[in-house]
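Structure assessment
Next come the chains, spelled out residue by residue.
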Amino acid sequence: MKQTSDTESRKLLSRLQAVMAEAAAGQERLDRITHLIADSMGAEVCSVYLLRDAETLELCATQGLAPEAVHVTRLRLGEGLVGKVARKAQPVNTANAPSEKGFRYMPETGEERFSSFLGVPIQRLGESMGVLVVQSKDEREYSEDEVYALEVVAMVLAEMTELGAFVGEGAALSARHTSPVMFPGATAQEGASMGHVWLHEPRVVVTNPVAEDPAAERIRLNEAVSKLRTDIDQMLTRTAKGNKEQAEVLEAYRMFARSRGWMRRMEEDIERGLSAEAAVEKEQSSARARMETVPDAYLRERLHDLDDLSNRLLCLLTGQGHDTGAELPMDPVLVARNIGPAELLDYGRRLKGVVLEQGSVGSHAAIVARALAIPLVIHAKGITTEALNGDAILVDGDQGVVHLRPEETVASAFRDKMAMQAEAQERYASIRDKPATGLCGTTVSLQMNAGLMTDLPSLPSSGAEGVGLFRTELQFLTRSRVPRRGELAQLYSRVMDAASGKRVIFRTLDIGSDKVLPYMKREDEPNPALGWRAIRVGLDKPGVMRMQLQALIRAANGRPLSVMFPFIAQFDEFTQARDHLMREMDREAALGRVLPENLEIGAMLETPSLAFAPRQFFEMADFISIGGNDLKQFFFAADRENERVRRRYDTLNVSFLTFLEQIVHRCAESGTPLSFCGEDAGRPVEAMCFAAMGLHSLSMRPASIGPVKSLLRRVNLHEARDVITEARGSGAQSVRGAVMDWLKRQMYGASGRLRRRWRRRGGPHSPSAHSAPARHG
């Protein structure tokens, strides 16, 4: 093979550009390109393999291999040397391909005559599209210049593939962004919605990947980089005395923007014939490919910074930015790699759903999505590179699945599902003002979780009896500075006003772990969920907690006030927090301010250790709320952000129910009101089991109150308790199977053995039915 200089590389790209400009069908254009590359590089073989689906490569064009193998030869990702290139997104360069580990001989191609092999990935922004291969009979490795030149050509092919230059017959040559795609992800907020895509960061499309004047392109690149550096310096000046974390990110941006290596690589690409935009995107694609393989979280974060910097530079070069002129659809579903809480709040309730490539179950975005009651699916890998503004999209937050451009059969089934949910909501509305009283006469108090003023209109419409958890951290998370005491007092007062006399439990600031304030320095902790968070931060840095407690007292202005401290792990943490609140009460009284008519001080039980606290803790606490999300992950030692383990352990596991029963007994002994707060409280079957175990107060998202109340009103909690007890005694790991079988019999009207036995004990209308201990109700 001939050595390829920068001039020869530009000649090759110019010839490619000429072929692209010719009127031809997709297959014919690909055939011409393989001939052109083989001729220009002195290779005996040039082949293009494209993905026909997410896991299969197909030979789409070749010069030198058997023509009959085109659209016949297929390889799985990772299969053979070609599959290895696609899987790892890295070149394979070998002098003796048949002796290389993983080599796969495809007899229909006639490639046994060729020894040397060079394959490079055809990829765009980290997304694999295929593989470009050259081969020769000579046994030799290709030089670094030759590898680099072929990578530049592959990058141009990727851009042309994206622009639809090779559209033809068959799956491998089908037009991009037109076929139905299903993205498996993870549920961060339940619900179902259908609408049209709105990209948070519009796609930047490079329409001119090849340039004939390298000098002019270098000038364009240098001018854009200069403007980028100036913008970053100005942003740093504005944030120097404010958001420390944002300043650290901008410092990383400034470091990369002044990186000589970064500039050198892009300038080298321009010398080989790429336009400034294509050179930036080639570097961005390389960074994204590295991001997928780097195990170190810090390095991944820095590569993410470089990726974002490349986006900004592309916007400057192309003139394409956030203001594309496109109009927000009537039914927008937001699609993004990630998003902050303030940005999500800016969209507000206009959104029908949110789909993120990143994110986490406990992220700020997830908290806001729950507050806005919109479905959220996270970890939908690759959707930002596949989706286009205006594409039809279905978001199944219940299953954690997204359907992009769905087929009519899928869309029809989804519409049926949403219609059934709408009918169910109408049924729930009919029982909105009725109590959640079971057939046995036991009443369960159902309350809602909230965190924003926009949540409060749901209080009367949902049928909630009060707010069992008001997350106060959202007012801190959505700002670039610490809120002032007066601002918080006004907000908390408006919350109480909107509650119209119903009880609101304010949980003090729960930050740390996955909730880091924008203006708070992030602590480098190996396991933040078990680190410096919530009450630990409040007690170590009491200034913010004192200010918040003062705001709550002033907001009450003579009304009852309920305050709950989060993440209490031992008795003295509660006593210290309680002492802080009482001192603030004394200070406010000394200032002549009106004190709350009644003050309740409670704790959130999220760590197993607190269940074993001294009796004095249970006597001192005015109420206790089980924080089910954290308690469950600590009980099972299973990180709820880890998809591999978070669904492994059932909430209705016998061990976990036995532990909850112990907490119920301890609170019953001291007469301490107890509630359960968390995602599981809003799941009807779990809620019924909790109520049967003695948890008669549950707090959940507003949309869950109807389904939970509907089930509770149709079952006998005494009988459910008997089913649970029998299942626990059978040695079963979980009671779910037994409970579901029993529920099916109840829903279909079958009496069953347990119902007959329960009636023999007195039935729902006999005195004995109502004389059982409260924990059995």
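Each value, and the rule that gives it
Residues numbered from 1 in each chain as written. Predicted model: local features only at pLDDT ≥ 70, side-chain atom pairs only at ≥ 80, totals over all residues. Heavy atoms only, no water. Helix = DSSP H or I, 4+ residues; strand = E, 2+ residues; numbered from the N terminus. Buried < 20%, exposed > 50% of the residue type's maximum accessible area, 1.4 Å probe, protein only. Contact = heavy atoms within 4.5 Å. Areas by Shrake-Rupley, 256 points an atom, 1.4 Å probe, with all protein chains shown as cover. Phe/Tyr/Trp six-rings, centres within 6.5 Å; stacked < 30°, edge-to-face > 60°. Lys NZ or Arg CZ within 6 Å of the ring centre and 35° of its normal. Axes fitted to C-alpha atoms, helices over the stretch in contact; angles between N-to-C directions. Parallel < 35°, antiparallel > 145°, perpendicular 65-115°, else oblique. Left-handed = near helix turned anticlockwise from the far one by under 90°. pLDDT = per-residue confidence, 0-100. Pairing = 2+ DSSP bridges. Core = buried A, V, L, I, M, F, W, Y, C linked by side-chain atoms within 4.5 Å. Polar contact = N/O pair within 3.5 Å; in protein donor to acceptor, adjacent residues only side chain to side chain. Nonpolar A, V, L, I, M, F, W, Y, C, P; charged D, E, K, R; others polar.

We now examine the overall build of the protein. Scanning the protein from terminus to terminus reveals 27 helices and 23 strands. Scored against the burial criterion, the 777 residues of the protein give a buried share of 54%. Pairs at least 24 apart in sequence give 68% of the contacts found in the protein among residues at least 6 apart. Put simply, the protein shows about 33200 Å² of open surface, and 50% of that area lies on carbon and sulfur atoms.

With that out of the way, let us pick up the packing of aromatic side chains. Going through the model one piece at a time under the given rule, you end up with 13 aromatic pairs. Taking 4.9 Å as the distance between ring centres and 10 degrees as the angle between the ring planes, the aromatic pair formed by F636 and Y649 counts as stacked. Here the residue F636 occupies a position in helix α21 (residues 628-636), and Y649 occupies one in the loop between α21 and α22 (654-670), the gap between them amounting to 13 residues. Exposure remark for F636: the relative accessible area of 13% places this residue in the buried category. Using a relative accessible area of 31% as the deciding quantity, one classes Y649 as partly exposed. In this structure an aromatic cluster arises from ring pairing among F612, F635, F636, Y649, F656 and F659. For the cation-ring pair, K282 lies above Y148, with the distance from its terminal atom to the ring centre recorded as 4.8 Å. Here R533 stacks its cationic end above the ring of F567, 4.0 Å away from the centre of that ring.

Quick look at the packing of helix α23 (residues 684-692) against helix α24 (residues 702-712) now. Where α23 meets α24, the axes come as close as 9 Å, and the angle between the chain directions of the two elements is 55 degrees. It follows from the interaxial angle that α23 and α24 lie oblique. In terms of crossing hand, the pair formed by α23 and α24 is right-handed. Where α23 approaches α24, its residues P684, V685, A687, M688 and A691 are matched on the opposing element by P707, V708, L711 and L712.

Time to look at the confidence of the model for the protein. The share of residues in the protein with pLDDT of 70 or more is 89%, and the mean pLDDT across the chain is 86. Within the model, pLDDT remains below 50 along residues 750-777, and this stretch shows 52 contacts once partners closer than five positions in the same chain are excluded.

With that settled, consider unusual backbone geometry. Of note in the backbone geometry, H379 takes a positive phi value of approximately 60 degrees without being a glycine. In this fold, H379 is placed in the loop between β12 (376-378) and α12 (383-386). Residue H379 is classed as partly exposed on the basis of its relative accessible area of 28%. In the Ramachandran plot, R405 falls in the positive-phi region, its phi being about 50 degrees despite a non-glycine side chain. Structurally, the position occupied by R405 is in the loop between β14 (401-404) and α13 (408-430).

Here we come to the sheet that holds strand β1 (residues 45-53). Pairing within the open sheet is antiparallel, and its 6 strands lie in the order β3-β2-β1-β6-β5-β4. Among the strands making up the open sheet, the edge pair consists of β3 (74-76) and β4 (92-94). The sheet shows a mean angle of 25 degrees between the axes of neighbouring strands, direction not considered. As judged from the 6 bridges shared by β1 and strand β6 (residues 127-136), these two strands associate in the antiparallel manner. What sits directly across from L50, in β6, is G130. In this fold helix α2 (residues 26-41) packs onto β1, β2 (56-63) and β6, with an angle of close to 65 degrees to the strand it touches most, β2. Packing of helix α4 (residues 144-162) onto the sheet brings it into contact with β1, β4, β5 (116-124) and β6, and relative to β5 it is tilted by some 40 degrees.

What follows covers the nonpolar core. By size, the foremost hydrophobic cluster in this structure holds 94 residues, and its most contacted members are F565, I663, M688 and L698. Once you skip the residues sitting within four places of it in the chain, L698 turns out to touch V444, S445, L446, Q447, F676, A681, A687 and F690. With 69 residues, the next largest nonpolar core counts L13, F166, Y253 and W262 among its residues.

Turning next to the side chain of S704. Looking at the secondary structure, you find S704 in helix α24. Residue S704 is classed as buried on the basis of its relative accessible area, which comes to 5%. Within the structure, S704 has its side chain in polar contact with the backbone oxygen of G682 (distance 3.4 Å).

The strand order across the open sheet formed by 8 strands is β7-β14-β13-β9-β10-β11-β12-β8, and the pairing between neighbours is mixed. Looking at strand neighbours, the two that pair on one side only are β7 (181-184) and β8 (186-189), the edges of this open sheet. Within this sheet the neighbouring strands show an average axis-to-axis angle of 30 degrees, counted without direction. The pairing of strand β13 (residues 392-396) with β14 spans 4 bridges and is antiparallel. Within β14, the residue paired with I393 across the bridge is L404. Sitting on the sheet, α13 is in contact with β9 (192-199), β13 and β14, with an inclination near 125 degrees to β9.

Each pair of packed helices gets described by two things: the angle between the helix axes and the distance between those axes. Across the interface, helix α18 (residues 542-556) lies against helix α19 (residues 571-590) with an axial gap of 10 Å and an inter-helix angle of 55 degrees. By the angle between their directions, the pair α18 and α19 is classed as oblique. Judged by the twist between their axes, the crossing of α18 over α19 is right-handed. Contact residues: P542, M545, R546, L549, Q550, I553 and R554 in α18; H580, L581, E584, M585, R587 and E588 in α19. The class makeup of the residues in the contact of α18 with α19 is 6 nonpolar, 2 polar and 5 charged.

What follows deals with the pairing of β14. Regular strands show a simple pattern: their side chains alternate between the two faces of the sheet. Of the strand pairs in this sheet, β7 and β14 are connected by 4 bridges, and their pairing is antiparallel. The residue of β14 that forms the bridge with F183 is V402. Between β13 and the antiparallel strand that follows it, β14, lie 4 residues; G400 among them carries a positive phi value of about 70 degrees.

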